[in-house]
Amino acid sequence: MSEMPIGIFDSGLGGISLLREAVSILPNENYIFYGDNLHAPYGDKTDDEIAKLSFDSVNYLVSKGVKAVVLACNTATAASIRALRDDKRLDLPIISLEPAIKPACEKPGDGKILMMATLATTRLKRYKALQSRMPDPSRVINVPCPGLVEMVERGTFAPEAYYDILYKLLNKYNGMKIDGIVLGCTHYIFIKSAIERYAKSNFKGECAFYDGNAATVRQLGRVLEANGLTNLNGNASVEFCTSGDRSKIYPIFELLMNHKENQSVKEEN
Ligand code: DGL
């Protein structure tokens, strides 16, 4: 059982950022990544649509024989984690990802925290409850970012390609003191340098960046251990699966798997 792979799922390419973290933190495991690229973006869909697609994706991974599933998608988590965990037919650990507003709010300062995420994440009750548990919930400004996921899905990574859309989404905060930006959607991790560039030229203060990937992978490690599922014999092999057009998506997958930390992805498809 412990030698079975771990399933990692996202609506599309964003979850590859979590997969990379998993491969580096838990290199003795094997992985199956499933991107539901055919249906991305999830963030503009209704709660019921997102929940249904999340169930279908988890069931797909279960049918491939995984021992645990990670939702590498803040949107799928917000819409469906409760129902997935309550479903008795899904008899395996399901680990989920949430916008990292907690570490961001722990940073001392009198500036605001921008939480960038999909429309659905910012609207859903689960995220709102998380925000309400922060010591000063009003420090967090939620910024729904329709349009960003579509660009990442098309394989656009050059920072300059994002200036206009980031201006449209963020210009009302120009000149404000921003202490942190939470990348509350896994897709945004691949365009961090574009967002950083925008923040440097338009916001005041030292702006730190936060995402939930490493904490989620550490939680995955703890859950595997608690369930006697830790693999000591794997070699971080990755099987890539997609509901989309594999011939177009696989080259981007490969590019993103080799993408180095703190280095923007230059290629565009
Ligand atoms: N990458 C996903 C997230 O973390 C969702 C993107 C989408 O499909 O809208 O929220």
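Our subject is the structure that appears above.
Residues numbered from 1 in each chain as written. Predicted model: local features only at pLDDT ≥ 70, side-chain atom pairs only at ≥ 80, totals over all residues. Heavy atoms only, no water.

## Some thoughts on the overall build of the protein chain
Note the threshold: Helix and strand definitions here come from DSSP, where helices need a minimum of 4 consecutive H or I residues and strands a minimum of 2 consecutive E residues; each element is numbered from the N-terminal end. With C-alpha atoms as the basis for the radius of gyration, the globule rule is written as 2.2 Å multiplied by the number of residues raised to the power 0.38. Exposure is judged per residue with a 1.4 Å probe applied to protein chains only, and the accessible area is read against the type maximum: over 50% gives exposed, under 20% gives buried, and values in between give partly exposed. Throughout, a residue-residue contact means that at least one pair of heavy atoms, one from each residue, lies within 4.5 Å. What sets the accessible areas is the Shrake-Rupley method with a 1.4 Å probe; for residues, cover comes only from the shown protein chains.
Looking only at helices and strands, one finds 11 helices and nine strands in the protein chain. Its C-alpha atoms give the protein chain a radius of gyration of 18 Å, within 12% of the compact-globule value 18 Å for 269 residues. Taking the principal axes of the C-alpha coordinates as reference, the protein chain spans close to 55 × 40 × 35 Å. Looking at the protein chain as a whole, 55% of its 269 residues are labelled buried. The contacts of the protein chain with a sequence gap of at least 6 include a subset with a gap of at least 24, amounting to 81%. When the accessible surface of the protein chain is summed, it comes to about 12100 Å², and 51% of that surface belongs to carbon and sulfur atoms.

## Structural notes on the site of the ligand
To keep things clear, this is the line we draw: A single heavy atom is enough: if one lies within 4 Å of a molecule or strand, its residue is considered near that molecule or strand. Two N or O atoms form a polar contact when they lie within 3.5 Å of each other; inside protein one atom must be a possible hydrogen donor and the other a possible acceptor, and for residues adjacent in sequence the pair counts only when both atoms belong to side chains. Ten residues, namely Ala, Val, Leu, Ile, Met, Phe, Trp, Tyr, Cys and Pro, are considered nonpolar, four, namely Asp, Glu, Lys and Arg, are considered charged, and the remaining ones, Gly among them, are considered polar.
Ser 11, Tyr 42, Gly 43, Thr 75 and His 187 are the nearest of the 13 residues found near the ligand. For the ligand, an oxygen atom lies 2.6 Å from a polar atom in the side chain of Ser 11. With the chains in place, 100% of the 300 Å² that the ligand exposes on its own is no longer accessible. Per-class residue counts for the shell around the ligand are five nonpolar, seven polar and one charged.

## Notes on the sheet that holds strand 1 (residues 6–10)
What counts here: Strands pair, by our definition, only if DSSP identifies at least two bridges between them. Orientation is described by axes fitted as lines to C-alpha atoms, over the contacting stretch for helices, and by angles from 0 to 180 degrees between their N-to-C directions.
What the five strands build is an open sheet, ordered 4-3-1-2-9; its pairing is parallel. Pairing within the sheet leaves two strands with one partner each, and these edge strands are strand 4 (94–95) and strand 9 (238–242). Against the sheet, helix 1 (residues 16–25) contacts strand 1, strand 2 (31–35), strand 3 (68–71) and strand 9, and its axis sits at roughly 170 degrees relative to strand 2. Sitting on the sheet, helix 3 (residues 74–86) touches strand 1, strand 3 and strand 4, and the angle it makes with strand 3 is about 155 degrees.

## Quick notes on the packing of aromatic side chains
Let me state the cut-off plainly: Ring geometry is summarised as follows: Phe, Tyr and Trp rings, the Trp one being its six-membered ring, pair when their centres sit within 6.5 Å, and such pairs are stacked at plane angles under 30 degrees, edge-to-face over 60 and tilted between the two.
Under the criterion given, the structure shown has 10 aromatic pairs. Look at Tyr 250 and Phe 253: their rings are 5.5 Å apart centre to centre, the planes differ by 35 degrees, and that puts the pair in the tilted class. With a gap of three residues between them, Tyr 250 and Phe 253 both fall in helix 11 (residues 246–257), about one helical turn apart. For Tyr 250, a relative accessible area of 29% gives the class partly exposed. According to the relative accessible area criterion, Phe 253 is buried, its value standing at 6%. Within the aromatic cluster, the residues linked to one another by ring pairs are Phe 33, Phe 240, Tyr 250 and Phe 253.

## Examining the environment of Tyr 60
Counting through the fold element by element, Tyr 60 comes out in helix 2 (residues 47–63). For the pair formed by Tyr 60 and Met 1, sequence separation is 59 residues and the distance between their alpha carbons is 18 Å. Setting aside chain neighbours within four positions, we find Tyr 60 in contact with Tyr 34 and Cys 241.

## As for the nonpolar core
Our working definition: Take the buried Ala, Val, Leu, Ile, Met, Phe, Trp, Tyr and Cys residues and link them wherever side-chain atoms come within 4.5 Å; each set so joined is a nonpolar core.
Of all hydrophobic cores here, the largest spans 55 residues; its most connected members are Ile 8, Met 116, Leu 148, Leu 170, Ile 181 and Tyr 188. Setting aside anything within four residues of it in sequence, one finds Leu 148 in contact with Met 116, Tyr 162, Ile 165, Leu 166, Leu 169, Tyr 188 and Ile 191.

## Describing the sheet that holds strand 7 (residues 178–183)
In space, the four strands of this open sheet follow the order 6-5-7-8, with parallel pairing throughout. Looking at the sheet topology across the chains shown, the edges are occupied by strand 6 (140–144) and strand 8 (208–210). Strand after strand, the sheet turns through a mean of 25 degrees between neighbouring axes, direction not considered. Each of strand 5 (112–117), strand 7 and strand 8 is contacted by helix 9 (residues 192–202), which is oriented at about 160 degrees to strand 7, the strand it contacts most.

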